[in-house]
Amino acid sequence: MELNGEQLIGAPIPEVWKGLNDIDVLAKSIPGCEEISRVSPEEIHAKVMFKIGPVRARFSGKLLLSDVVPDQSCSMAFEGSGGAAGFAKGKSRVELKQVDGGTLVAYTTEASIGGKLGQIGGRLISASAKKIADDFFQKFAKELGGEIVVLDSDPNVE
Amino acid sequence: MKAAAFDYIKPKALSDALSLLEQGGDDAQLIAGGQTLLATLNMRLSEPSILIDITDIDELKGISVVGDKLRIGALVTHTEIEDSDLVAKHAPLLKAAAPHIAHRAIRNLGTWGGSLAYGDPAAEWPACSLTLQATMVIHGPKGERKIAAQEFFIDLYTTSLEPDEILVATEIPLASSDQVFYFHELARRHGDYAVAGLAAVAQKKGNVLSNCIFTFFSVSSTPVMAAATQGIVNGKALNEQLIAQAVCTVREEIDAIADITNSAEAKTHLIGVLLERGLKHLIA
């Protein structure tokens, strides 16, 4: 599955960058986040209650950051396991750009989902991923005290 | 495959179900027909600790005409809708849609309210309730509230139902004598989830349709109404040219989302195919 999108956040780049690297801000922005901790500068562990439609499963996962260029971009690899429900893993790249009205956050994600989650939830997995990404950015923008600015182009999911 | 252990309780009164739901909080789950829930429990995609079976609650049952509305209780099964004379007379769109829902064994158990509250974007009832401008009757700790279908479906599997609320019934304006309707879905096999579907009603006078409502489902994260397309068709003599214009508009208007087997482009194409067939059927 691929999930690519752009979000315009009404805050300057340094603030957005700081927010994306602040686990307290992330904890409040990630939908269903129950626990989050930074084990090293490049590694973050989290427990997330994933609740959407038929699925209600607790995932524990880790996130590894690489190619970090402050205030510009970073790559991350993630993997999460939801016990009996299944697992997800993939990689994502995030880039920040200064534009009129704030910061444009562009992301590309490639993920594979396996186990029962992949079999049963497969039909709507892309729509679910888009919803989670939207929820995240909405909460994230709120955390930064800015508003999310609606862009014409929706994230495109494949 | 077997579900994880859970407690089970079957209250007889709506008020009891509501207080159980409030006490249970996040760990409680309502069950009616169980046609989606039981599969997910057995797959352990979700593990609620208590199931509240609402199938004994009389307030949630039955189909009746109340004033100028058709009231359909949340517990009414798909089969009951398919077989109901009241539905055939006052909301014929629903009768036409019912046979498209899965298979007979599922329709015998699955419920109207369950399908609406679950809010699957590929499901028939959410789309039909939008097209028929249904009103949802909801009970919660603060009493009763009513909300239009248009405001009820918020996002993928997300409705305006709060976790401590129960959908009790819906009220649907009775079909007028000049109402025409069309329901169709394109699926790989009968009973599968639709690749794209259309639930439409309009009022027909000669070759002019008015008060059109076209709701497409299984193309986005909720069922979607084609407002601009409705505007183009409303009140004009329907001919080949207008149909072509409407098809063009609807393909632009609706932002289809791909699913695992069908691209957004394929869905967009099918939206136009459905509309063309629908308009020709409505005017025939």
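Residues numbered from 1 in each chain as written. Chains lettered and ligands numbered in written order. Predicted model: local features only at pLDDT ≥ 70, side-chain atom pairs only at ≥ 80, totals over all residues.

Regarding the overall build of chain B
When helices and strands are counted, chain B shows 12 helices and 14 strands. With respect to the three principal axes, the spread of C-alpha positions in chain B is 60 × 45 × 30 Å. Expressed as a percentage of its 284 residues, the buried residues of chain B come to 46%. (Helix = DSSP H or I, 4+ residues; strand = E, 2+ residues; numbered from the N terminus. Buried ≥ 20, exposed ≤ 12 C-beta atoms within 10 Å, placed from the backbone.)

Description of the overall build of chain A
Counting secondary structure elements, chain A contains 4 helices and 9 strands. Secondary structure elements of chain A, listed N to C terminal, follow the sequence β-α-α-β-β-β-β-β-β-α-α-β-β. Out of the 158 residues belonging to chain A, those deemed buried represent 30%. Once local pairs closer than 6 in sequence are excluded, the contacts in chain A between residues at least 24 apart make up 52%. (Contact = placed C-beta atoms within 7 Å.)

Structural notes on the packing of helix H11 (residues 240–253) of chain B against helix H12 (residues 264–283) of chain B
Residues and elements named next belong to chain B. Relative to each other, H11 and H12 sit at 145°, their axes nearing to 9 Å. As for how H11 packs across H12, the hand of that crossing is right-handed. Contacts between H11 and H12 involve Ile243, Ala246, Val247, Val250 and Arg251 from the first element and Thr268, Ile271, Gly272, Leu275, Glu276 and Leu279 from the second. (Axes fitted to C-alpha atoms, helices over the stretch in contact; angles between N-to-C directions. Left-handed = near helix turned anticlockwise from the far one by under 90°.)

Description of the nonpolar core
Side chains of a nonpolar character, in soluble globular proteins, are inclined to be buried together. Judged by nonpolar contacts, the single largest core of 100 residues is most densely connected at Leu93, Ala199, Ala200, Phe216 and Ile271 of chain B. Excluding residues within four positions of it along the chain, Ile271 of chain B makes contact with Ala196, Phe216, Val219, Val250, Arg251, Ile254 and Ala256 of chain B. Listed in part, the 11 residues of the second largest apolar core include Val105, Phe137, Phe140 and Ala141 of chain A. (Core = buried A, V, L, I, M, F, W, Y, C linked by C-beta atoms within 7 Å.)

Re unusual backbone geometry
Note: most residues except glycine have negative phi, and most peptide bonds are trans. All names here are of chain B. In the Ramachandran plot, Tyr157 falls in the positive-phi region, its phi being about 50° despite a non-glycine side chain. Here Tyr157 lies in the loop between strand S8 (153–155) and strand S9 (158–159). You will see that Asn211, though not glycine, has its phi angle at about 50°, which is positive. The topology assignment puts Asn211 in strand S13 (residues 208–217).

Some details on the domain arrangement of chain B
All names here are of chain B. By domain assignment, chain B separates into domain 1 (7–53), domain 2 (58–173) and domain 3 (179–283). Top contributing element to the side of domain 1 that touches domain 2 by residue count: helix H1 (residues 14–24), with 5 residues. Residues of the side of domain 1 that touches domain 2, tallied by class, amount to 6 nonpolar, 4 polar and 1 charged. (Domains from an automatic or database assignment. Nonpolar A, V, L, I, M, F, W, Y, C, P; charged D, E, K, R; others polar.)

Considering the environment of Tyr118 of chain B
All names here are of chain B. Mapped onto the elements of the fold, Tyr118 is located in helix H7 (residues 112–118). In the structure, Tyr118 is positioned 47 residues away from Glu165 in sequence and 13 Å away in space, judged by C-alpha atoms. For Tyr118, the residues in contact, after removing those within four places along its chain, are Thr36 and Tyr157.

Observations regarding the interface of chain B and chain A
The interface is formed by 16 residues belonging to chain B together with 22 residues belonging to chain A. Of the residues belonging to the side of chain B that touches chain A, the class tally is 8 nonpolar, 4 polar and 4 charged.

Points about H11 of chain B
An α-helical turn contains 3.6 residues, so any two residues separated by three or four positions project in the same direction. All names here are of chain B. Counted at 1.5 Å a residue, the expected span for H11 with its 14 residues is 20 Å, and the 20 Å between its end C-alpha atoms agrees. Those residues of H11 not exposed but buried are Ala246, Val250 and Arg251. Each buried residue of H11 sits inside an arc of 130° when the element is viewed along its axis, so together they form one side. Turned more than 90 degrees from where H11 packs its buried face, Gln241, Ala244 and Glu252 sit exposed. In the core, the buried residues of H11 are packed alongside helix H10 (227–233) and H12. (Expected span 1.5 Å × (residues − 1). Arc of directions from axis to C-beta.)

Observations regarding the environment of Lys28 of chain A
Residue and element names in this part refer to chain A. Relative to the helices and strands, Lys28 is located in helix H2 (residues 23–29). Put simply, Lys28 and Phe140 are 112 residues apart on the chain and 7.6 Å apart in space, counted from C-alpha to C-alpha. Residue contacts for Lys28: discarding those within four places in its chain leaves Lys139 and Glu143.

Thoughts on the sheet that holds S13 of chain B
As a general point, the strands of a sheet are linked pairwise by backbone hydrogen bonds and lie either parallel or antiparallel. All names here are of chain B. Strand order across the open sheet formed by 4 strands is S11-S12-S13-S14, with antiparallel pairing between neighbours. Edge positions in the open sheet fall to strand S11 (179–186) and strand S14 (224–225), since each of these has one partner strand only. Two strands pair when backbone bridges link them, and S11 and strand S12 (residues 196–205) are joined in this way by 8 bridges, in the antiparallel orientation. Residue pairing across strands places His184 opposite Leu198, the latter belonging to S12. Each of S11, S12 and S13 touches H12; the most contacted strand, S12, lies at about 30° to it. (Pairing = 2+ DSSP bridges.)

Considerations on the sheet that holds strand S7 (residues 143–148) of chain B
Residues and elements named next belong to chain B. Strand order in the open sheet formed by 5 strands is S4-S5-S10-S6-S7, with antiparallel pairing between adjacent strands. In the strand order of this sheet, the two ends are held by strand S4 (63–66) and S7, each with one partner. If you compare each strand with its neighbour and ignore which way they point, the axes differ by 25° on average. Bridge analysis of S4 against strand S5 (residues 69–73) gives 4 bridges, and the strand direction is antiparallel. Note on S5: the bridge partner recorded for Val65 is Leu70. Packing against the sheet, H1 makes contact with strand S6 (135–140) and strand S10 (166–173), and its axis sits at approximately 125° to S10.

So, the confidence of the model for chain B
Regions with low pLDDT should not have their predicted coordinates read in detail. Per-chain confidence: chain B averages 96 in pLDDT, with 100% of residues scoring 70 or above. Overall fold confidence for the complex sits at a pTM of 0.89, while the interface term, ipTM, reaches 0.75. (pLDDT = per-residue confidence, 0-100.)

Here's the deal with the environment of Pro99 of chain B
With respect to the secondary-structure elements, Pro99 of chain B resides in the loop between helix H5 (92–97) and helix H6 (104–109). Residues Pro99 of chain B and Glu59 of chain B lie 40 residues apart in sequence; the distance between their C-alpha atoms is 26 Å.

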